[in-house]
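# Coordinate analysis (summary)
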Amino acid sequence: MSDIKNVMAQWFIVKVIAGKEKSIIENIKERIQTYGYENLVPKLDVINIKETSKKIFDKNDVNLPKEMKNTKNIQWETLPNGSYTKFSTKTTNKFPGYIFVKMYYNQDVWFLIRNTQGVLGFVGSSGKGTKPVPISEQQYLDSLHGSVNVSSSKSIVVDEINNDNIKPTIKFAPNMVVEIAIGKFAGQSGKITNINNEIGIAEIELDNLGKVEVPYSDIKK
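First, a word on what this report is: a plain description of the structure on this page. (Residues numbered from 1 in each chain as written. Predicted model: local features only at pLDDT ≥ 70, side-chain atom pairs only at ≥ 80, totals over all residues. Heavy atoms only, no water.)

## Thoughts on the environment of Asn106
Along the chain, Asn106 turns up in the loop between β6 (98-103) and α2 (107-114). Taking relative accessible area as the criterion, Asn106 reaches 6% and is therefore assigned buried. A C-alpha to C-alpha distance of 9.8 Å links Asn106 and Tyr37, two positions 69 residues apart in sequence. (Helix = DSSP H or I, 4+ residues; strand = E, 2+ residues; numbered from the N terminus. Buried < 20%, exposed > 50% of the residue type's maximum accessible area, 1.4 Å probe, protein only.)

Structure representation (structure tokens):
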């Protein structure tokens, strides 16, 4: 087991099967506990957002429910003209297909997580045994954009009504040649083959290394 006293835990982004993020986190936790690696992986996160929509019903609308009960996710409001407004709230994953892992890098732990069912790979790793590139604590905090609560289950809930307010500004596009400025591949240049503006990640084709995924903040034109 590696000595973690003199190293810092770092955040890594892990690509997983979209829609299975929570169950994959539970699988990772079980495997970590089985191998006794709990102290090497202090946190596993899914970043969620609350989306609120509203619908106005005329008092004579045939679709108006007979019973308008307020619940945790549904709130009704009566308007002065006798109409009704229904506010519906649902929680969704802000970054479908990705989870955030804070860990003290250890090749055994990396191998364990990478080979958990449903995990597709670490962002920033080109495979072939290359160490994944972590993101900074600030980059992780920036991804939260107005978080209001961290629950005991370590699932982060972000209170946002308009998703458009939290999408990163588009800076890059496919076929653009860029240079990696930070991380293991710093100084390498390559062509962007794919981008994910939801989470701010570019897939870059590097000579002799193949394709790697790198956060926007770590690359420059």
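Now that the structure is up, let's keep going.
## Description of the pattern of salt bridges
On inspection of all chains with the given rule, the structure shows three salt bridges. Its salt-bridge partner being Glu213, residue Lys15 comes within 2.7 Å of it at the nearest N-O pair. Pair noted here: Lys15 is in strand β1 (residues 10-16) and Glu213 is in strand β13 (residues 210-215), with a separation of 198 residues, a long-range link. Where Glu137 meets Lys102, a salt bridge forms, and the shortest distance between an N and an O atom there is 3.5 Å. Taken together, the residues span a long stretch of sequence, with Glu137 in helix α3 (residues 137-144) and Lys102 in strand β6 at a distance of 35 residues. You can call Glu137 partly exposed: its relative accessible area is 38%. (Salt bridge = Lys/Arg side-chain N within 4 Å of Asp/Glu carboxyl O.)

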